[in-house]
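A closer look at the structure
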Amino acid sequence: MCGIIGYVGEENAVPIIIDGLKKLEYRGYDSAGIAVFGEGGFFDVVKQKGRLPALEARLADAPIEGNMAIGHTRWATHGEPSDINSHPHVGSENKIAVVHNGIIENYKEIKERLEQRGISFVSQTDSEVIAQLAEYYLQKYSGDDLTDTVIRVASVLEGSFALAVMSASEPDTLVAIRKDNPLIIGASGHGMFIASDVPAVLRHTNRVYYLGEKEIAVLKKDSVQFFGMDKAPLKKKLETVSWSLDSAEKGGYEHFMLKEIMEQPAILRETIRSASGSNKDILDSLDIARFDKIVITACGSAYNAGVVARYVFERLCRISVEVELASEFRYKDAIVDEKTLVILISQSGETADTIAAMREAKSKGAFTLAIVNVVGSTVSKEADVCLFTAAGPEIAVATTKAFSAQLVVIYMLTVRFAAQLGQISEEAELFAEIASLPDKAAEILAHTDAIAKYASVCVGCKSIFFIGRNIDYAIALEGSLKLKEISYIHSEAYAGGELKHGTISLIEDNTLVVALASCERLYGKIMSNVEQVVSRGAKVLLIGSCVGGDFARDGEPDDATAPDKGVTPDGKIAVIGLPKIHELFSPSLSAIVLQLFSYYVAANRGLDIDKPRNLAKSVTVE
């Protein structure tokens, strides 16, 4: 959610902090701020509601500088978006400055105790209590240094937090600590960094430490020390990030989302290579026969990938699969035990509900397997085994390439399991189908004009429905989510057979229905649903590898791989054909068309596609 960046070093910290905040915009925010330790021995703080240009404008009017600073992009939880509620927060006597990502569940009790001691609060946030409490402890326990104070504060806080803290009494020291929210420490030739995520520091360094649960980092300009809550020293490995700075830049595209959509052939190819290489030993070591069932748990698009996985697992492996929203799994007293394989899917590996679901599953003896994009993330460290996707940094809030990479890992895992169980004899043929996905994705991306053209006529839609059957229904869920995330158009996804059980009452003249048709054995069924909605006035966008030449233009060859299959004479049905692929792997191709469709609809509406309102890239709070 919120983004944190801190720096202590030899250079002016202000431009470094602002640049780092720009790299963290994808996390979602409604205000931003910076605190610099100034020459007067106190903190100069500038905070501003709105986007970063507003903060930059204030800094241009009243410049500040210093060699140590912390910055923050806030996604409001407690208190409305405002200048006062923005971070950083400082203590009443300007001796402590703090930025915080997370939620402090016992902040009201702490606030009441501090107010009884005469301390006044200025904001509505839960985060201000951290600054006030730290300043109180620093003064009350006069022998304490900043590290001791942070440990004392952390022992009182309930909830989740990632903190970067400065003290006027130690003008050369930054202290960080985390619980349930990510922090990395970057080491460069001119100083040390604290950040919520790697892209914030890539301009300066690709050498990072990943801070663990309740681990403390004490940074000076040319060193960092790590401690546990008992202040016992810790040794940590300095890791080299393989991402390049270019991968976190737009590279000439108007939006990160479009860039990331266009990167998918390369991402699919690299993920397949990884699953055949570094992930292969893990795949080979897993004995699926020891489990009675599989439970998949995730949130958002990762949950939709899990729904796809259910169809693939059950069809190929003939094993029972349940798919649970992580936010529900953690509270439902799930029936799992040592014979259950729990698969966790998360792009960031820091999703709060998914972490909690993982810990709940492990406490009941289940074996946990994670599919994660970020090395060093909480899920990747705590799961029993982890398969990494190879999506690289994904900056747009709406996931595209990370989702596609998750699907490919799921396919390869399932085929390997099915072969272990003796349920399939065509393992090589199925892997060959998976290996063909990058080229077929590239084929779709070479013909985006038809998708953009159709999206241009959908700008005025108030509601759009997605339908599909079997695995097409699974990917319809993702198409609907993608559209509503970035276009703000209401959309819903339904299993085609459910239309007549209530949903069809919503269909009226010119309602748009997007129908998925890559499940060949159910093609006739979904076309029956298409006819039902058309007869009630709907317009249909039909997408799939089964569409054939039913709606091809006169004289156009009956080629289901052609990206644009034309429009019916009555203008009611537009058709976008997909390359032929095994139906269980078709979601990878359908997803790309649905991503492009959503992107172009949102672009035509002139919206902030990479940073949709109210959303954050990594949901690290409940």
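Now for a description of the structure that goes with this document. Everything numeric here is computed off the predicted structure, so don't read it as measured data.

**Remarks on the packing of aromatic side chains**
A complete count under the given rule lists nine aromatic pairs for this structure. Plain terms: the ring middles of Phe291 and Phe367 are 5.8 Å apart, the flat faces sit at 40° to each other, and that makes the pair tilted. Separated by 76 residues along the polypeptide, Phe291 in the loop between α8 (280-285) and β16 (293-298) and Phe367 in strand β19 (residues 367-372) bring together distant segments of the chain. Phe291 gets classed as buried once you look at its relative accessible area, which sits at 6%. Residue Phe367 is classed as buried on the basis of its relative accessible area, which comes to 15%. Both rings, one in Tyr411 and one in Phe585, keep their centres 4.8 Å apart while their planes meet at 50°; by these two values the pair is tilted. Within this pair, whereas Tyr411 is found in helix α13 (residues 401-420), its partner Phe585 is found in the loop between β26 (573-577) and α19 (587-604), the two being separated by 174 residues in sequence. A relative accessible area of 0% means that Phe585 is categorised as buried.

**Side note on the sheet that holds strand β18 (residues 340-346)**
Spatially, β17-β16-β18-β19-β20 is the arrangement adopted by the five strands of the open sheet, whose pairing is parallel. The open sheet is flanked by β17 (320-325) and β20 (385-388), the only strands paired with a single partner. Strand after strand, the sheet turns through a mean of 20° between neighbouring axes, direction not considered. Pairing of β16 with β18 involves five bridges; the strand directions are parallel. Residue pairing in the sheet places Lys293 in a bridge with Thr340 of β18. Here helix α9 (residues 300-317) sits on the sheet in contact with β16, β17 and β18, set at roughly 170° to β17.

**Quick word on the nonpolar core**
Judged by nonpolar contacts, the single largest core of 124 residues is most densely connected at Phe313, Ile343, Ile434, Val514 and Phe597. Once you skip the residues sitting within four places of it in the chain, Phe597 turns out to touch Ile451, Tyr454, Ala455, Cys458, Phe466, Leu483, Leu512, Val514 and Leu541. Listed in part, the 30 residues of the second largest apolar core include Val98, Ala134, Ala154 and Ile177.

Conventions adopted
- Residues numbered from 1 in each chain as written.
- Predicted model: local features only at pLDDT ≥ 70, side-chain atom pairs only at ≥ 80, totals over all residues.
- Heavy atoms only, no water.
- Phe/Tyr/Trp six-rings, centres within 6.5 Å; stacked < 30°, edge-to-face > 60°.
- Helix = DSSP H or I, 4+ residues; strand = E, 2+ residues; numbered from the N terminus.
- Buried < 20%, exposed > 50% of the residue type's maximum accessible area, 1.4 Å probe, protein only.
- Pairing = 2+ DSSP bridges.
- Axes fitted to C-alpha atoms, helices over the stretch in contact; angles between N-to-C directions.
- Contact = heavy atoms within 4.5 Å.
- Core = buried A, V, L, I, M, F, W, Y, C linked by side-chain atoms within 4.5 Å.

In short, geometric facts, not functional conclusions.
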